[in-house]
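Secondary and tertiary structure notes
Residues per chain are reported as follows:
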Amino acid sequence: MTPLIGIEEEYLIVDPHTRHVAPRAAEVLAAATNVLGENIAQEVSRFQVEARTTPSADLSELGARLRAARTEVAKAAQECGLALVASAMPVLGDKGPIPLSDHPRYANGQVRYRALQDELCICALHVHVDVPDEELAVYVGNHLRPWLPVLIALAANSPFFIGRDTGYASWRVISWSRWPVSGAPPYFESFAEYERAVGALSETGALMDAKTIYWDVRPSSILPTIEVRVADVPLEINDSLTIIGLIRGLVLTALEAVARGDRGLPVGTEVMRAAYWRAARDGIAGCCLDLRAGELVPAPEMVRRLLRHVRQAVGDAGDLPFVEEGLDRLLRRGSGANRQRSVHARAHDLEGVVDDLIEATVA
């Protein structure tokens, strides 16, 4: 049976005149709630909102729901004199600490995490895929670890941050890596080992609760799913769906391997960290480390290896033609980061980049 998928995407709210991020997400949230209900939510910063889809096993149905959600949030923003942008970090804005949303949780986070929250304005794509139980979710996470850098490269969509070219395709990944529990999860031999690690992290004060286990792959604490949160929010909806199809293919492929007794390849944490750095720096235009082969290869070749790895599972889910077409498109014209830099090269300013982001977010 093809597992259900649920999606969360985070977006930025911008002033269409200054092109700066605007701390008015609460207004957009209020305007969109009548239509989207629980499928729109507050985020940590006042610059962001989060849209969700109800779960579905059908990728095209998810695409329709995601497109409807983006359209409704953009419409709500427009009603408030604002605009919606799918970029993983703000392109333009005022320097200084990010204004946090009004909620006791975020105030508690300020006390605990301090200056780490000053740049906490990151927008990601979160993908929830049904798995039977938490033990299997941990083993699936082990199998996904070697492929996380190539997903970073495919989804990279944050080259600029507050008026500056960072030199990275995904500055979100780099900014986020400073947090105490973030990035690739460790390799775990069992769910019991996972629980012991979470308990130790809690003792240090690094966790407020289960929601602050910010690893890029984690078992859900409330649902029978595994959550994959490694990707920048893509600029274009079809790119989101391509990555979602790949992620479900990875989960299905992993479940088959686990059923054969394979609990995944243990890759060292420091090697994972370096592979993340390389993928975040170069994106799809550079090279990726093949963590299974132990060699640096051009990103397009790494994408082809990923597709070969999941081809059977993606085909069984009925997604292969769409995913193949989506990957071909990404390899030909690049990710959101490539588009942002291309627009900047033509427009010679970041205002033009934001204008293009506004247009492409709901195209």
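Look above for the structure.
First, a word on what this report is: a plain description of the structure on this page. (Residues numbered from 1 in each chain as written. Predicted model: local features only at pLDDT ≥ 70, side-chain atom pairs only at ≥ 80, totals over all residues. Heavy atoms only, no water.)

On a plain count of helices and strands, the protein comes out with 13 helices and 13 strands. What you see for the protein is a C-alpha radius of gyration of 19 Å, in line with the 21 Å of a compact globule of 363 residues. In terms of overall dimensions, the protein has a C-alpha envelope of 55 × 45 × 40 Å along the principal axes. Expressed as a percentage of the 363 residues in the protein, the buried residues total 57%. Put simply, of all contacts in the protein between residues at least 6 apart along the chain, 77% involve residues at least 24 apart. Carbon and sulfur atoms form 52% of the exposed surface of the protein, whose accessible area is close to 14900 Å². Side-chain charges in the protein split into 37 positive and 48 negative, and the spacing between the mean points of these groups amounts to 4 Å. (Helix = DSSP H or I, 4+ residues; strand = E, 2+ residues; numbered from the N terminus. Rg over C-alpha atoms; globule rule 2.2 N^0.38 Å. Buried < 20%, exposed > 50% of the residue type's maximum accessible area, 1.4 Å probe, protein only. Contact = heavy atoms within 4.5 Å. Areas by Shrake-Rupley, 256 points an atom, 1.4 Å probe, with all protein chains shown as cover. Lys, Arg positive; Asp, Glu negative; His and termini not counted. Charge placed at Lys NZ, Arg CZ, Asp CG, Glu CD.)

The next thing to look at is the side chain of Thr253. By the element assignment, Thr253 lies in helix H8 (residues 237–259). Here Thr253 falls in the buried class, since its relative accessible area comes to 15%. Here the side chain of Thr253 touches Gly249 through a polar contact of 2.7 Å, landing on its backbone oxygen. If near-sequence neighbours (up to four positions away) are discounted, Thr253 is found in contact with His309, Val310 and Ala313. (Polar contact = N/O pair within 3.5 Å; in protein donor to acceptor, adjacent residues only side chain to side chain.)

Tallied over the entire structure, the rule returns zero disulfides. Unpaired in this structure, Cys80 has its nearest cysteine sulfur neighbour in Cys123, at a distance of 17 Å. What makes Cys80 buried here is its relative accessible area of 18%. The structure places no disulfide on Cys123, whose sulfur is separated from the nearest cysteine sulfur, that of Cys121, by 5.8 Å. What makes Cys123 buried here is its relative accessible area of 0%. (Disulfide = S-S within 2.5 Å.)

So, about the pairing of strand S13 (residues 295–298). Where strand S12 (residues 287–290) and S13 come together, four bridges link them in antiparallel fashion. Across the sheet, the residue bridging to Cys287 is Pro298, located in S13. What sits between the antiparallel neighbours S12 and S13 is a turn of four residues, in which Gly294 has the positive phi angle 70°. (Pairing = 2+ DSSP bridges.)

Remark: the centre distance and the inter-plane angle together describe each pair of aromatic rings, the angle taken between the planes. The tally for this structure, following the rule as stated, stands at nine aromatic pairs. Considering the side-chain rings of Trp179 and Tyr214, the 6.1 Å spacing of their centres and the 80° angle between planes classify their relative orientation as edge-to-face. Separated by 35 residues along the polypeptide, Trp179 in the loop between helix H6 (171–176) and strand S8 (182–183) and Tyr214 in strand S9 (residues 214–215) bring together distant segments of the chain. With a relative accessible area of 6%, Trp179 lands in the buried category. A connected cluster of aromatic rings, assembled from ring pairs, spans Tyr113, Trp176, Trp179 and Tyr214. (Phe/Tyr/Trp six-rings, centres within 6.5 Å; stacked < 30°, edge-to-face > 60°.)

So, about helix H5 (residues 148–155). Most of H5 is tucked away, with eight of its eight residues classed as buried. For H5, every residue scored as buried is listed here: Leu148, Pro149, Val150, Leu151, Ile152, Ala153, Leu154 and Ala155.

Let us look at the packing of helix H1 (residues 25–36) against helix H2 (residues 59–79). As a packed pair, H1 and H2 sit with axes 8 Å apart at the nearest point and diverge in direction by 135°. Accordingly, the angle class assigned to the pair H1 and H2 is oblique. Note that H1 runs across H2; the crossing there is right-handed. Between H1 and H2, the contacting residues are Val28, Ala31, Ala32, Val35 and Leu36 on the first element and Ala69, Glu72, Val73, Ala76, Ala77 and Glu79 on the second. (Axes fitted to C-alpha atoms, helices over the stretch in contact; angles between N-to-C directions. Parallel < 35°, antiparallel > 145°, perpendicular 65-115°, else oblique. Left-handed = near helix turned anticlockwise from the far one by under 90°.)

Right, let's get into unusual backbone geometry. Of note, Ile162 is a non-glycine position whose phi angle comes to about 50°, a positive value. As for its placement among the helices and strands, Ile162 is situated in the loop between strand S6 (160–161) and strand S7 (164–165).

This next bit is on a negative patch on the surface. On the surface, a cluster of negative charge is made up of Asp133, Glu134, Glu135 and Glu195. Looking at where Glu135 falls in the secondary structure, it is placed in helix H4 (residues 134–144). (Patch = residues over 30% accessible without salt bridge, like charges linked within 9 Å, V, L, I, M, F, W, Y side chains within 5 Å. Salt bridge = Lys/Arg side-chain N within 4 Å of Asp/Glu carboxyl O.)

These values are about where atoms sit, not about what they do.
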